[in-house]
Protein chains: 2
Amino acid sequence: MGFQESFKALSDPTRREIIHLLKKEKLPVGEILAHFDMTGATISHHLSILKEAGLVTTEKKGKYIYYELNLSVVEEIMAWFSDLKEV
Amino acid sequence: MGFQESFKALSDPTRREIIHLLKKEKLPVGEILAHFDMTGATISHHLSILKEAGLVTTEKKGKYIYYELNLSVVEEIMAWFSDLKEV
DNA sequence: CATATATTTAGATGAATATCTAAATGTATG
DNA sequence: CATACATTTAGATATTCATCTAAATATATG
């Protein structure tokens, strides 16, 4: 984790869109994939980057792996921005 | 401008450090440069990316060009994050 | 257990990017 | 105006990265 990984992860538009999909609910890879015109391999790669950055967590449920937004990391990033405005 | 450019700009550690330097005061390129172990050409490149993204503005004063943080874009980015936490 | 479905891994490719050196441009001042 | 200083631009290089296809792994179910 760390800011470098977080910001890098968020610098890609596909990954930001994934983050937005996960805003409402946790989703299995297949459902995330359905929103994009890309191969599963590519989406899997993006998901792994988001996970490395701590922006999402995973949960296995039978056949599926659910990805879920990790809001605590979002908070940390917001704190970085907030700091810019102080004093 | 737009989120894509902003996030890309912030995904580089040198540029984030520049942003932090500008938190307190506007600075001429030479003073920014003094904080890094890089050539002026490289720093100039980073500054142009920050400017393209709208994260900084410039002001010419005689020999010097001052770079200044643009907090309104920072606000916009924070709003993007805030949205993730709503509903 | 064999087959179908879900997801990841490996390896390759082309595009984007951070950096450098060298040169160009702009501005002040002796 | 000539020289020094401040900053940017051009062109090159090496690395990173998004994407693909093909193959591997894991899990459920008939």
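The model shown is predicted, which means the values in this text are computed figures rather than measured ones.

**Q** Which residues make up the packing of aromatic side chains, and what are the values?
**A** One pass over the structure, following the stated rule, counts 9 aromatic pairs over all chains. Ring geometry for W80 of chain A against F81 of chain A: centres 5.1 Å apart, planes inclined by 90 degrees, an arrangement best described as edge-to-face. On the accessibility criterion, F81 of chain A (1% relative accessible area) is buried. Here the aromatic rings of F81 of chain A and F81 of chain B are separated by 5.8 Å at their centres, their planes lie at 40 degrees, and the arrangement is tilted.

**Q** So what about the sheet that holds strand 3 (residues 64-69) of chain B? Which residues, and what values?
**A** Backbone-to-backbone hydrogen bonds pair the strands of a sheet. The strands run either parallel or antiparallel. Strands sit in the order 1-3-2 (chain B) across an open sheet of 3 strands; the sheet is antiparallel. Strands with a single pairing partner mark the edges of an open sheet, and in this sheet they are strand 1 (27-28) and strand 2 (56-61) of chain B.

**Q** Residues and numbers for the relation of the copies chain A and chain B, please.
**A** Least-squares fitting of chain A to chain B yields an RMSD of 0.0 Å, with the transformation described by 0.0 Å of translation along the axis and a rotation of 180 degrees. The transformation just described matches what one would write down for a two-fold rotation axis. The overlap is high: 100% of the interface residues of chain A also sit at the interface in chain B, so the same surface is used on both sides.

**Q** Give a detailed account of the protein's contact with DNA strand C, specifying residues and quantitative values.
**A** With respect to spatial proximity, 23 residues lie near DNA strand C, and among them G30 and Y67 of chain A together with T42, H46 and G62 of chain B are the closest. Here DNA strand C approaches the protein such that, of its atoms within 4 Å, sugar and phosphate make up 81%. One of the side-chain nitrogen or oxygen atoms of K8 of chain B is found 3.2 Å away from a phosphate oxygen of DNA strand C. One of the side-chain nitrogen or oxygen atoms of R15 of chain B is found 3.2 Å away from a phosphate oxygen of DNA strand C.

**Q** Got a sec to walk through the interface of chain A and chain B? Specific residues and values, please.
**A** In this complex, chain A contributes 25 residues to the contact, which on the side of chain B involves 25 residues. Across the chain A to chain B interface the summed buried area is about 2500 Å²; carbon plus sulfur atoms make up 68%. Considering only the surface of chain A that becomes buried against chain B, M78, F81 and L84 of chain A emerge as the three largest contributors, covering 24% of it. Linking chain A to chain B there are 4 salt bridges. With a shortest N-O distance of 3.4 Å, K85 of chain A and E75 of chain B are connected by a salt bridge. Elements with a contribution of two residues or more to the side of chain A that touches chain B: helix 1 (3-10), helix 2 (13-21) and helix 5 (71-85) of chain A. For the side of chain A that touches chain B, the element with the highest residue contribution is helix 5 of chain A, accounting for 11 residues. Grouping the amino acids of the side of chain A that touches chain B by side-chain chemistry returns 14 nonpolar, 4 polar and 7 charged.

**Q** So what about the protein's contact with DNA strand D? Which residues, and what values?
**A** Taken together, 23 residues sit near DNA strand D, with T42, H46 and G62 of chain A together with G30 and Y67 of chain B positioned nearest. Those atoms of DNA strand D that come within 4 Å of the protein belong to sugar or phosphate at a rate of 81%. At 3.1 Å, a backbone N or O of T39 of chain A approaches a phosphate oxygen of DNA strand D. Take V29 of chain B: an N or O atom from its main chain is 3.2 Å from a phosphate oxygen of DNA strand D. The residue makeup of the surface near DNA strand D, split by class, is 9 nonpolar, 8 polar and 6 charged.

Rules used throughout
Residues numbered from 1 in each chain as written. Chains lettered and ligands numbered in written order. Predicted model: local features only at pLDDT ≥ 70, side-chain atom pairs only at ≥ 80, totals over all residues. Heavy atoms only, no water. Phe/Tyr/Trp six-rings, centres within 6.5 Å; stacked < 30°, edge-to-face > 60°. Buried < 20%, exposed > 50% of the residue type's maximum accessible area, 1.4 Å probe, protein only. Pairing = 2+ DSSP bridges. Helix = DSSP H or I, 4+ residues; strand = E, 2+ residues; numbered from the N terminus. Least-squares fit on C-alpha atoms with pLDDT ≥ 70 in both. Contact = heavy atoms within 4.5 Å. Near = heavy atom within 4 Å. Polar contact = N/O pair within 3.5 Å; in protein donor to acceptor, adjacent residues only side chain to side chain. Buried area = accessible area lost by both parts, 1.4 Å probe. Salt bridge = Lys/Arg side-chain N within 4 Å of Asp/Glu carboxyl O. Nonpolar A, V, L, I, M, F, W, Y, C, P; charged D, E, K, R; others polar.

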